[in-house]
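Below are the chains, spelled out letter by letter.
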Amino acid sequence: MASDIIKDLLVSLAAILFFPGGLFLLLCGLLYEWIDRKLLAQLQNRIGPRWFQPLADVIKLLAKEEVVPEEVDARLFIGLPIVALAGGLTAALYVPFAGLAPSHSFNGDLIVTIYLLSLLSLCLGLAGSNTLDRFSLVGATRTLTQLFSYEAPFLLALLGPAFAAGSWQIQEIATYTETRWLLLSQPLGFLVAVIGLMGKLELPPLDAPEAETEIVAGALTEYSGRGLAIFRLSKGVTLILGLTLIAAFYLGGVSNPAFFFLKTIALLLIIVGLKALFARLRIDQSVGLWWRYGTLLVLIQWLGMFLWGGVMT
Amino acid sequence: MKPTKNRHPDRLAGLKTWARINSPWVLHFNSGSCNGCDIEILATLTPRYDLERFGIKLQGSPRHADVLLCTGAVTRQARSRLLRIYSQMHEPKFVVAIGSCALSGGVFQGCYNVLGGIEKVIPVDAYVPGCPPRPEAIIDGVVKLLSSLKAPQGGDGTAAHASEMVEKLVVEHEHR
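Residues numbered from 1 in each chain as written. Chains lettered and ligands numbered in written order. Predicted model: local features only at pLDDT ≥ 70, side-chain atom pairs only at ≥ 80, totals over all residues.

**Thoughts on the overall build of chain B**
Next, step 1: Summing up its helical and strand segments, chain B has 6 helices and 5 strands in all.
Next, step 2: Secondary structure elements of chain B occur, N-terminal to C-terminal, as α-β-α-β-β-α-β-α-β-α-α.
Next, step 3: For chain B, with 176 residues in total, the buried portion stands at 43%. (Helix = DSSP H or I, 4+ residues; strand = E, 2+ residues; numbered from the N terminus. Buried ≥ 20, exposed ≤ 12 C-beta atoms within 10 Å, placed from the backbone.)

Structure (structure tokens):
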């Protein structure tokens, strides 16, 4: 009896620490970052980084000196990257990652997951406003502004499949979409979800919060060493979880590991293409993009869904 | 110190050195150059030469950078900025002086308003001569710097020495 409990505990610990959560998720995040950079390099007619590049970056940053600047709250400065990474790793428990069923599931976990994923932007904003550096402050303001603009359309876009499936539980939605490509019935929602993920990760053209040609490195200007490494890792985790959610909801399910990797990488290819195509938007332009077009497009999508549902019944 | 504290110090140090060699992020600072060398640095960073192959990335913040690429003969006005940028970078950090002016003052040697070379202000780890040096020469300089890290006590020894030297210089500068 007692040994069974210990065995269960060990199994779930291994699931959280090594596979599919924890270490495996972090390594997958690095792998996807490499694919992202390599594809972008190929589109720009370059050779691009070697396969271990993101790993070398992270190890180098971890081995680098870390200095807590003057006049900052040291506990927040050290704690915020950890909270960001913890948010991403916790969200991984509810997501059907690598073709496996989510290790935890309850009714309404979709909302919890979306909130956990937005911890990254919140931590970036707080980290930036924690320092006195003017570039960090401007970057933090823009990060939070962008958070408030993309979050609503992104949430609405992910709720479309939830309405279609009639459930707010990720596992049930994923089972429902297993046989249906919602991309075909909800193309506008898919579009908004993909661009919402790009806004969340501050990828070009929505990278005004970390525009290196005007505000140095945005909210992370003062970060170096360990803090920067952890923020990079949590961006990788958020990227892969966002890709998983969109692929599971819109691209006909990810219960097969091979399909999981194929579909998420195809999605990444779309994102990299958009990155390479567009120049950076000003912060007011990206806010306008979300509130004027993003939200409106999703609402049109919803209207269509309800009208179609009314006609069918 | 306990012997069990760190059982594989060599392996860990080797991993760190490997990561440093494979991921040098650079910061570019013009300390009063004529912009010739700066244009060459920018050309080096373009897709034609594609330094991301070696993991070299241009960073905006001194906090993120490992290698400071310096050009120019260091005008008196640029001295304090150069010092500040250098002290804002985190250990381990390296400096590459690019172009004849950065090495010796070049044609401006002996002018009343220049100090005549990066090494008069901060410790330099690699020198790239030329007026201006071609992108190939800059890549060669950075690669030579990185291969010097592989030598025993290459990186950390010089870095510790350098930070001592800079502290002295900053104190001296504030006394002026």
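**Some remarks on the nonpolar core**
Nonpolar side chains in soluble globular proteins tend to be buried together.
Next, step 1: Residues A193(A), V237(A) and I246(A) are the most contacted members of the largest nonpolar core, which totals 79 residues.
Next, step 2: With 16 residues, helix α11 (residues 225-250) of chain A is the largest single contributor of residues to this core.
Next, step 3: Setting aside its immediate chain neighbours within four residues, V237(A) contacts L25(A), L26(A), G29(A), L85(A), G88(A), L89(A) and A92(A).
Next, step 4: Core analysis: the next-biggest nonpolar cluster, separate from the first, contains 41 residues, I21(B), V67(B), C70(B) and V128(B) among them. (Core = buried A, V, L, I, M, F, W, Y, C linked by C-beta atoms within 7 Å. Contact = placed C-beta atoms within 7 Å.)

**Digging into the confidence of the model for chain B**
A low pLDDT score tells you not to read the predicted coordinates there in detail.
Next, step 1: Put simply, chain B has an average pLDDT of 80, and 80% of its residues get 70 or more.
Next, step 2: Here the prediction assigns the complex a pTM of 0.83, and the interface score ipTM is 0.75. (pLDDT = per-residue confidence, 0-100.)

**What about helix α5 (residues 109-117) of chain A?**
Next, step 1: Of the residues making up α5(A), those classed as buried are D109(A), L110(A), T113(A), L116(A) and L117(A). End-on, the buried residues of α5(A) take up no more than an arc of 125°, which puts them together on one face. (Arc of directions from axis to C-beta.)

**With respect to the pairing of strand β3 (residues 67-71) of chain B**
If a strand is regular, its side chains alternate between the two faces of the sheet.
All names here are of chain B.
Next, step 1: A large share of β3 lies buried, amounting to 5 of its 5 residues.
Next, step 2: Across the two faces of β3 the burial is the same, with V67, L69 and T71 and L68 and C70 all buried.
Next, step 3: When β3 meets strand β4 (residues 94-98), the two strands line up parallel, connected through 5 bridges. Within β4, the residue paired with T71 across the bridge is I98. (Pairing = 2+ DSSP bridges.)

**Observations regarding the interface of chain B and chain A**
Next, step 1: With 17 residues of chain B at the interface, the matching set in chain A holds 25 residues.
Next, step 2: When the residues that make up the side of chain B that touches chain A are grouped by side-chain class, the tally is 3 nonpolar, 7 polar and 7 charged. (Nonpolar A, V, L, I, M, F, W, Y, C, P; charged D, E, K, R; others polar.)

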